[in-house]
Amino acid sequence: MSEAIRLEDVSKSFGEYEAVKDVSLTIEKGEFFSLLGPSGCGKTTTLRMLAGFEIPTEGRILLEGEPVEDVPPYERNVNMVFQSYALFEHLDVADNVAFGLKRKKVAKDEIRKRVEESLELVSLADRAKSHTNELSGGEKQRVALARALVNEPAVLLLDEPLGALDLKLRRQMQVELKQIQREVGITFVYVTHDQEEALAMSDRIAVMSDGEVVQCGVPEEVYEHPAEAFVAGFIGVSNLMEGIVQGKDKVKLASGQSVKAPLPEGCDKGEKVQLSVRPEKITLDDFERGMVTLEGTVAERVYQGVNTQVTISLGDGASVVALEQQTYRASADDRWEPGAKVKLGWHPDHCLVLR
Amino acid sequence: MDGLSLQWYQEFFNDSALRDSLFASLEIATVTMIVGTILGTMLAIGLVRSRAKWSPGANILMLVPLVVPEIVAGISALLIFSQVGLTLSIWTVVLAHITFSISYVTVVVRARLASMGTETEEAAMDLGATRWGSVRLVLLPGLWPAIVAAGLLTFALSFDDFVLSFFTTGEDVQPLPVRIWSAIRFGPSPTINAIGTLMMVVSISAIGLALLIPRLFGRRESGVKVLTAAEGG
Ligand SMILES: Nc1ncnc2c1ncn2[C@@H]1O[C@H](COP(=O)(O)OP(=O)(O)OP(=O)(O)O)[C@@H](O)[C@H]1O
Ligand SMILES: [Mg+2]
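The rules we used
Residues numbered from 1 in each chain as written. Chains lettered and ligands numbered in written order. Predicted model: local features only at pLDDT ≥ 70, side-chain atom pairs only at ≥ 80, totals over all residues. Heavy atoms only, no water. Near = heavy atom within 4 Å. Polar contact = N/O pair within 3.5 Å; in protein donor to acceptor, adjacent residues only side chain to side chain. Areas by Shrake-Rupley, 256 points an atom, 1.4 Å probe, with all protein chains shown as cover. Helix = DSSP H or I, 4+ residues; strand = E, 2+ residues; numbered from the N terminus. Core = buried A, V, L, I, M, F, W, Y, C linked by side-chain atoms within 4.5 Å. Buried < 20%, exposed > 50% of the residue type's maximum accessible area, 1.4 Å probe, protein only. Contact = heavy atoms within 4.5 Å. Salt bridge = Lys/Arg side-chain N within 4 Å of Asp/Glu carboxyl O. Pairing = 2+ DSSP bridges. Phe/Tyr/Trp six-rings, centres within 6.5 Å; stacked < 30°, edge-to-face > 60°. Lys NZ or Arg CZ within 6 Å of the ring centre and 35° of its normal. 1 Å grid on protein atoms, 1.4 Å probe; cavity = no way out; pocket = protein on both sides within 12 Å on 5 of 7 lines; lining within 4 Å. Points joined across faces, edges and corners; volume = space filled by probe spheres on them. Nonpolar A, V, L, I, M, F, W, Y, C, P; charged D, E, K, R; others polar. Buried area = accessible area lost by both parts, 1.4 Å probe. Domains from an automatic or database assignment.

Observations regarding the site of ligand 1
All names here are of chain A.
Thought 1: Neighbouring ligand 1 are the residues F14, Y17, A19, S39, G40, C41, G42, K43, T44, T45 and E160.
Thought 2: The contact in question runs from an oxygen atom of ligand 1 to an N or O atom on the backbone of C41, over 3.2 Å.
Thought 3: Separating an oxygen atom of ligand 1 from a side-chain N or O atom of K43 is a distance of 2.8 Å.
Thought 4: When ligand 1 is considered free in solution it has 630 Å² of accessible area, and contact with the protein chains removes 63% of it.
Thought 5: The set of elements that each furnish at least two residues to the shell around ligand 1 consists of β2 (17–28) and α1 (43–51).
Thought 6: With 3 residues, α1 is the largest single contributor of residues to the shell around ligand 1.

This is how it looks when you write it as structure tokens:
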């Protein structure tokens, strides 16, 4: 695969405020690439620099190898799907989709053919003559997508395209978007603050915080091996426990217990670290060989259908959350009453030491 | 007077001085509408879309004509015209009316502009339209109902304006309202009633159209409400 986009040390300031700091990324052709991060971390600003609506204060942006920092939006071979859809209300669906092709002076017959095809692609062929304000939110979303895809851009930029939809429609559109992306093979750069969405759809994810990319990798890597406490906390739920390095692969938790944990290279005795363990990796009252085990008191139990969320206090203010599957062996309703003593454990492999 | 009759309307059209005044008023209103709407729309786009330092100041300045008593505006206009040595004629009336109508147009168009946001223009540019192309192909069509409404309101306001016209008109042809006022001084006449009815019909049709057009375009907000509120206040 060759590269579609390369960002080299890109920064963007608005006056004094630095919205994007020193971002370097390479996005491959045909990749579904997500920018994930909390509100205000600079995702939209990064995307707008790719589209050409903002000019980077520093750094270089290469589109298929060509520098494009100073190329205006209408001369870049990228298209954007806006969060508000930004459909042209005075045009019908087909004319909305044809807008880009008309600007490029494509022949009439070809425009008609391609508009039909792309409306077909988003299953809206029968709405070609509809007025845009007759459409539902999901349909508007599809028109916006068709309007961008019909131009066959090198890269499609999407800024929280599903943000305005209800949860059910959102799940459905996620699947459809992913299918469409596979079908057309165009590089997608997808902005979202929904970590589940990013994990489910992306080939790779760049996690942003405060204008910086803190980790970039495939979903499994970002989820299983978060590089920083921020990533561990932002993606999925994580139990973060304070501790002090005691010796080789030994950490003493702030709540007093000593546990085995795989220390990263160069951790010194006495160094402060954080242990991160995913709730679904913690088992209660049911252990295997080689597991770390601790004792605690059940502080809270929340029945969630598929599983039960149990909060266990470790003493000294520290607590962890465990997610227990409802199995045929044991139902949750008579176990782990609040106040009960409980043993919990996890495999050292599932514990991550963050410095 | 007995029974219904169109006699007084006929009388009005036979009176060449009154007829000239009617045409003068229509001319003033038409020119005011066209020029005022173009300038007002440009000002609105500039005020909303530019991030210039002066735009908050200009925003306030623009509201001044809406709150200044018309008589003050009329006298000020007269003073300026005589200072710069302009001969009073229907063109000085047009000038005064345009100055005034720009604010009305700007208020109406700006309301619509603000509700449209910038994303559709960006979408147009993203799809290959130049800056000017995005204005022509997306911004203006979106603003169109508000622009038409503003234009028609300007027409109605200009057509039946008396105070401003009174101070700024010359002797030759007087705008209709001024003409009527001079005629009334020599006692009321049924012809005047006929003209009054005519003027009302013209003004109401213009305002009616202004309210109707945005609805025909299927838009809910056109800023007309803002204008009627501003006028009432
Ligand atoms: N034109 C601008 N002028 C000044 N500051 C801006 C501008 N655009 C963005 N910012 C600031 O830059 C920061 C990053 O904004 P950005 O829109 O990129 O965030 P985001 O990650 O997309 O957030 P969200 O998830 O809320 O959309 C914010 O603090 C914002 O206030
Ligand atoms: Mg954003």
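Moving on, there is more to tell.
What about the nonpolar core?
All names here are of chain A.
Thought 1: Formed by 40 residues in total, the largest nonpolar core has its most connected members in I5, F99, V155, L157 and V189.
Thought 2: Beyond its immediate sequence surroundings of up to four residues, V189 is in contact with I5, I27, F33, L35, L47, L50, V155, L156, L157 and L158.
Thought 3: Counting residues in each nonpolar core, the second largest holds 34 residues, with V93, L135, I180 and F188 among its members.

A short note on the pattern of salt bridges
Residues and elements named next belong to chain A.
Thought 1: Overall, the coordinates contain 22 salt bridges over all chains when judged by the stated rule.
Thought 2: E176 is the salt-bridge partner of R142, the closest N and O atoms lying 3.0 Å from each other. With a gap of 34 residues between them, R142 in helix α4 (residues 137–149) and E176 in helix α5 (residues 167–184) connect regions that are remote in the sequence. Of the two residues examined, R142 and E176, each falls in the buried class.
Thought 3: Between E197 and R170 there is a salt bridge, with the nearest N and O atoms lying 3.3 Å from each other. Residue E197 is found in helix α6 (residues 195–201), and its partner R170 is found in helix α5; the two are separated by 27 residues along the sequence. R170 shares its class with E197; the two are buried.
Thought 4: Within the structure, one salt-bridge network assembled from shared partners comprises E3, R6, E8 and R60.

Description of the sheet that holds strand β18 (residues 318–325) of chain A
All names here are of chain A.
Thought 1: Ordered by their spatial adjacency, 5 strands build an open sheet running β15-β19-β16-β17-β18, and the pairing between neighbours is antiparallel. At either end of the open sheet lies a strand with only one pairing partner, and these are β15 (283–284) and β18.
Thought 2: Pairing geometry for strand β16 (residues 292–303) and strand β17 (residues 307–315), over 6 bridges, is antiparallel. Residue pairing in the sheet places R301 in a bridge with V310 of β17.

Here's the deal with the packing of aromatic side chains
Thought 1: The tally for this structure, following the rule as stated, stands at 11 aromatic pairs over all chains.
Thought 2: Considering the side-chain rings of A:F88 and A:F99, the 4.6 Å spacing of their centres and the 45° angle between planes classify their relative orientation as tilted. Taken together, the residues span a long stretch of sequence, with A:F88 in the loop between β6 (78–81) and α2 (93–103) and A:F99 in helix α2 at a distance of 11 residues. When sorted by exposure, A:F88 lands in the same class as A:F99, which is buried.
Thought 3: Considering the side-chain rings of B:F155 and B:F159, the 6.1 Å spacing of their centres and the 10° angle between planes classify their relative orientation as stacked. Of this pair, B:F155 and B:F159 both sit in helix α7 (residues 131–159), separated by 4 residues, roughly a single helical turn.
Thought 4: The structure contains a cluster of three or more aromatic residues connected by ring pairs, namely B:F162, B:F166, B:F167 and B:W181.
Thought 5: Between A:R147 and the ring centre of A:F88, over which it is positioned, the NZ or CZ distance is 4.6 Å.

Describing the layout of surface pockets
Where empty space is left in the structure can be found by rolling a water-sized probe over the atoms.
Residues and elements named next belong to chain B.
Thought 1: Of the volumes computed, that of the second largest pocket is approximately 380 Å³.
Thought 2: Elements with a minimum of two residues in the lining of the second largest pocket: α2 (16–49), α6 (119–126) and α7.
Thought 3: Residue contributions to the lining of the second largest pocket peak at 4 residues, all from α2.
Thought 4: Here the lining of the second largest pocket is composed, by residue class, of 6 nonpolar, 3 polar and 7 charged.

Looking at the interface of chain B and chain A
Thought 1: Taken together, the 18 residues of chain B in the interface contact 22 residues of chain A.
Thought 2: Summing both partners gives a buried area of about 1700 Å² for chain B against chain A, and 60% of it is carried by carbon and sulfur.
Thought 3: The largest per-residue losses of area from chain B upon contact with chain A belong to B:E119, B:D126 and B:L127, which jointly make up 38% of the total buried on that side.
Thought 4: Summed over the shared surface of chain B and chain A, the result is 1 salt bridge.
Thought 5: Here A:R48 and B:E122 are joined by a salt bridge, their closest N and O atoms 2.8 Å apart.
Thought 6: Inspection of the region where chain B meets chain A yields 6 residue pairs in polar contact (both at pLDDT 80 or more).
Thought 7: Those elements that place two or more of their residues in the side of chain B that touches chain A are α6 and α7 of chain B.

Concerning the domain arrangement of chain A
Residue and element names in this part refer to chain A.
Thought 1: Each assigned domain of chain A is listed with its residue range as follows: domain 1 (3–229) and domain 2 (237–354).
Thought 2: Here the C-alpha centroids of domain 1 and domain 2 sit 39 Å apart.
Thought 3: Of the roughly 590 Å² buried between domain 1 and domain 2 on both sides combined, carbon and sulfur atoms contribute 50%.
Thought 4: The largest share of the area that domain 1 buries against domain 2 comes from Y223, P226 and A229, three residues that together contribute 72% of it.

Observations concerning the sheet that holds strand β5 (residues 66–67) of chain A
Two strands in a sheet stick together by hydrogen bonds in their backbones, pointing the same way (parallel) or opposite ways (antiparallel).
Thought 1: Strand order across the open sheet formed by 4 strands is β2-β1-β4-β5 (chain A), with antiparallel pairing between neighbours. Of all the strands in the sheet, the pair left with one neighbour each is β2 and β5 of chain A.

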